[in-house]
Amino acid sequence: MEFVKNVPFFSIMLCMISGVTASMLPPKIAKWWTVALAAVVAALNAWLLSYLLSVGESYTYMMGHFPAPWGNELRGGILEALLAVVFSIVLLVSTLGGMQKLEYQVDPHKQNLFCVMLDLVLAAMISMLYTNDLFTGYVFIEIMTLGACVLIMSRQNGRTLVSAMRYMIMSLLGSGLILIAITLTYNLTGHLLMENIQQSFAQLHASGQYEVPITVITGLFFVGLGIKSALFPFHTWLPDAYGYSTPAASSVLSSIVSKAYIFLLMKIFYRVIGMDIIHSSHVMNLLFIFGVAGMILGSLSAIRSHDLRRMNAYSSVAQIGYLYAGIGLGIEAGFVAAIYHMIMHSVAKSSLFIATSGLADASGDSKRFSDLRGAGYRYPAAGICFSVSAMSLVGIPILGGFVSKLYFSQAAFEYGGVHLWVMLSALALSTFLNVLYFMRTVITLYRPPKKGFQPPAFRKDPRTVTALWIMTALNFLVGLLAQPIVMAITRGLRMFA
Amino acid sequence: MLEAIPRLLEEHFEEIIAVLLFGIGFTTLLLHRNLIKKIIGLNIMDTAVYLFLTSVGYIEGRTAPILTDGITSAQNYVNPIPSGLVLTGIVVSVSVTAVTLSLTIRLYRRYHTLDIDKITLLMKGEDN
């Protein structure tokens, strides 16, 4: 066995061990420790990705040398490695960019514990990407939930506490549903490894047995993970949680936590239940409808909100709607578009949150839109980063959002029928709404300030400025490298089934 | 249809109770306004899943797979994995309950009430 195949296991253990170590380090070192960990994990997974791209096939990794039906397994493929690289880079840059705010928004004695939670979220994310065992997936879902909850409430004020509580309640409802779905799956098939479950399900499906229980299982997985990833009607906890926690937390939450759940759902559809059964059970139509509703209603809420951070949060609801609508088409092109959108959105949204915190500094932490006038001149790096990522989300060519919208509509054309018109009109309407709220903000940033406005004194932290420039570059990179990324996603998805 | 109910009740008594308990726990967690009762609901819900898993995983007349009398035939033992899953699940639900309780303490110290609706109202009143 090549040594590189150990990377998934090593990255998970590395994150866990660094988490434990970070709890004992002084806060200043702990933060850089987390940044270094994310860099190491990204480099390791990039190595694995290059190996897998050259070999062109996936592999399974036995944990503890127990063979297939008994042991626990990890599985490495192009898709998993690609997402692990992207997410760990995003975590790195978000931590770097949010460091300065962290220093005065979080209790100084607890800053190293904040880093512990970041490490845990990274570990849970990587395990959810690579795991080949359903129950391991469940355990890491819970670890992710606990980590995310602490990230939300690390900056202590009323709103974050209440939203952490709401997040916890909604997530626990979701985990309850996922747990019962796993129990039913185990009850029907007697397996926990994904391949074995899929084989048993295929046999059951072919013989026409247990059709209702399998549909129920599919529905339970969808609703459970949908609640956890803030799909449209279950998103009530999200605006306060993203809007009022510390910027490092909100960018990690919006870009990594919700995406990992959606990826796990895709994995369950593809590798546990099997696409044949999914198609015949019509659950996909449900995903599509909820997704389209989220695309439009999330954007409408974003227009109505007067606070920049809440606007970003509601925009996340809309973007998660895009993901679900793409998955809901149920064809390969839709999945490719959704995964590309996942990468694009995690880069763009984390940049938006970090840039917003910079712009808030430049306008005296005011919540009024009028005080944002001229903030783009007062803090150029934040202004440019915000504008670039907003344009990316709106869908200006060269940037990533354009490519993902293109692929979504191509997938809709491939599917045809009613879905085509619903998808195209939802895309058009949602893009129009995106333009309304994002461009309004960008224009406000570059308008001259009101007469008598005293620009506040603020410090441009070099770490934040570096992170902002890196994020701007990443936004361009995701758009410019669209072709190779989509190729890799397509190859990864083919290995997936 | 109706005649089948007594037989179902007899054969699947634990499972039916487990599903009922799951429903009770789920609605309590979702709809109750009192935070402590929500947490109780969470625990009922999780316990229901464990009851389901244990009752499905047990076969009458067999014992845990620990070799004592030199009997090696698998026919005499039950599969240990469901019990293992229940143990893992219990660990998860204990830690989740602990975190939720500590959050509740934080909220109570700040707002002096356990009613989530009142807390939300109070929160909107304060400016932050």
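The paragraphs below set out a description of the structure included in this document. Values in this document were obtained by computation on a predicted structure and should not be read as measured data.

So, how was this worked out
Residues numbered from 1 in each chain as written. Chains lettered and ligands numbered in written order. Predicted model: local features only at pLDDT ≥ 70, side-chain atom pairs only at ≥ 80, totals over all residues. Heavy atoms only, no water. Helix = DSSP H or I, 4+ residues; strand = E, 2+ residues; numbered from the N terminus. Rg over C-alpha atoms; globule rule 2.2 N^0.38 Å. Buried < 20%, exposed > 50% of the residue type's maximum accessible area, 1.4 Å probe, protein only. Contact = heavy atoms within 4.5 Å. Areas by Shrake-Rupley, 256 points an atom, 1.4 Å probe, with all protein chains shown as cover. Lys, Arg positive; Asp, Glu negative; His and termini not counted. Charge placed at Lys NZ, Arg CZ, Asp CG, Glu CD. Buried area = accessible area lost by both parts, 1.4 Å probe. Salt bridge = Lys/Arg side-chain N within 4 Å of Asp/Glu carboxyl O. Expected span 1.5 Å × (residues − 1). Bend = angle between axes of the 7 residues up to and from the residue. Pairing = 2+ DSSP bridges. Axes fitted to C-alpha atoms, helices over the stretch in contact; angles between N-to-C directions. Parallel < 35°, antiparallel > 145°, perpendicular 65-115°, else oblique. Nonpolar A, V, L, I, M, F, W, Y, C, P; charged D, E, K, R; others polar.

Right, let's talk about the overall build of chain A for a bit. Scanning chain A for helices and strands turns up 20 helices and two strands. Taken against the 2.2 N^0.38 rule, which gives 23 Å for 497 residues, the C-alpha radius of gyration of chain A at 22 Å falls within 12% of a compact globule. Over its C-alpha atoms, taken along the principal directions, chain A stretches across nearly 75 × 55 × 45 Å. Taken across its 497 residues, chain A has 67% of its residues classed as buried. In chain A, the share of contacts with a sequence separation of at least 24, taken over all contacts with a separation of at least 6, comes to 82%. With an accessible surface of roughly 16400 Å², chain A has 68% of that area assigned to carbon and sulfur atoms. Charged side chains in chain A number 31 positive and 20 negative. The centres of these two groups are separated by 15 Å.

Between chain A and chain B, the contact holds 33 residues from the first and 38 residues from the second. Overall, the association of chain A and chain B removes approximately 3300 Å² of surface from exposure, summing both partners, and the carbon and sulfur fraction of that is 79%. On the chain A side of the contact with chain B, A:Met165, A:Leu173 and A:Tyr186 bury the most area, a combined 18% of that side's loss. In this assembly, chain A and chain B are joined by zero salt bridges.

Residue and element names in this part refer to chain A. Residue placement: Ser-258 occurs in helix α10 (residues 247–273). Using a relative accessible area of 2% as the deciding quantity, one classes Ser-258 as buried. Apart from residues no more than four positions distant in its own chain, Ser-258 is found in contact with Ser-229, Tyr-242, Leu-253 and Ile-320.

Attention shifts here to α10(A). All names here are of chain A. Between the first and last C-alpha of α10 there are 37 Å, a value that for 27 residues agrees with the 39 Å anticipated at 1.5 Å per step. If you look at α10, its biggest bend is around 40°, right at Leu-253. Across the 27 residues of α10, 27 count as buried, placing the element largely inside the fold. A positive backbone phi angle near 95° is found at Gly-274, which sits one or two residues after α10.

A word on the pairing of strand β2 (residues 72–76) of chain A. All names here are of chain A. β2 sits mainly inside the fold: four of its five residues count as buried. When strand β1 (residues 59–63) meets β2, the two strands line up antiparallel, connected through five bridges. Considered in β2, the bridge of Tyr-59 is made with Gly-76.

What follows covers the environment of A:Glu211. Of note, A:Glu211 is situated in helix α8 (residues 211–228). Put simply, A:Glu211 and A:Leu172 are 39 residues apart on the chain and 27 Å apart in space, counted from C-alpha to C-alpha.

Two elements in contact, helix α5 (residues 134–153) of chain A and helix α4 (residues 81–111) of chain B, have axes whose closest approach is 11 Å; the angle formed by their N-to-C orientations is 10°. Here α5(A) is positioned roughly parallel relative to α4(B), judged by the angle of their axes. Between α5(A), through A:Phe135, A:Tyr138, A:Val139, A:Glu142, A:Leu146, A:Cys149 and A:Met153, and α4(B), the contact on the second element is made entirely by B:Leu85, B:Thr88, B:Gly89, B:Val92, B:Ser95, B:Val96, B:Val99, B:Leu103 and B:Arg106. Class assignment for the residues of the contact of α5(A) with α4(B) results in eleven nonpolar, three polar and two charged.

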